[in-house]
Amino acid sequence: MTKTPLHWKPDLRYPTGKGATEQHFIASANGDDLEIDTHPWGDADLKINGKMAAHVEGKPSGSDAFREIEAVAEQIEDQKT
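Throughout what follows, the structure given in this document is the object of discussion. (Residues numbered from 1 in each chain as written. Predicted model: local features only at pLDDT ≥ 70, side-chain atom pairs only at ≥ 80, totals over all residues. Heavy atoms only, no water.)

The next subject is the pattern of salt bridges. All told, the structure shown has 5 salt bridges when counted by the stated rule. Across the pair Arg 67 and Asp 64 runs a salt bridge whose closest N-O atoms are separated by 2.5 Å. A residue pair is termed a helical-turn pair when its members lie 3 or 4 positions apart in one helix, as Arg 67 and Asp 64 do in helix H1 (residues 62-79) at 3 residues. A relative accessible area of 48% places Arg 67 in the partly exposed class. A single salt-bridge network, built from bridges that share partners, covers Asp 32, Glu 77 and Lys 80. (Salt bridge = Lys/Arg side-chain N within 4 Å of Asp/Glu carboxyl O. Helix = DSSP H or I, 4+ residues; strand = E, 2+ residues; numbered from the N terminus. Buried < 20%, exposed > 50% of the residue type's maximum accessible area, 1.4 Å probe, protein only.)

Put into structure tokens, the structure is as follows:
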């Protein structure tokens, strides 16, 4: 668990909901801008300050991929505090 919780917000410039092929979420922590892109086929990317930081693939769903990449983001941010 991060010392400062990450509060992910959907980027409403991207389509959302069940039919969306990519969903984009943003958060800020420790002066970093974090972004997660998820795909319904179980892939997700984490960018920190616009640079690729992590990728997961092969999860059962986009939600599972989001949860896994979110945990990676929390670990990275915890190491900075």
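What follows picks up the thread again.
Across the sheet, which stays open at both edges, the 5 strands sit in the order S1-S2-S3-S4-S5 with antiparallel pairing between neighbours. Strands at the two margins of the open sheet, each flanked by one partner only, are strand S1 (9-10) and strand S5 (51-56). Where strand S4 (residues 43-48) and S5 come together, 5 bridges link them in antiparallel fashion. Bridge pairing in S5 places Lys 47 opposite Met 52. Where H1 meets the sheet, it contacts strand S2 (23-29), strand S3 (32-39), S4 and S5, and its direction lies at approximately 25 degrees from that of S4. (Pairing = 2+ DSSP bridges. Contact = heavy atoms within 4.5 Å. Axes fitted to C-alpha atoms, helices over the stretch in contact; angles between N-to-C directions.)

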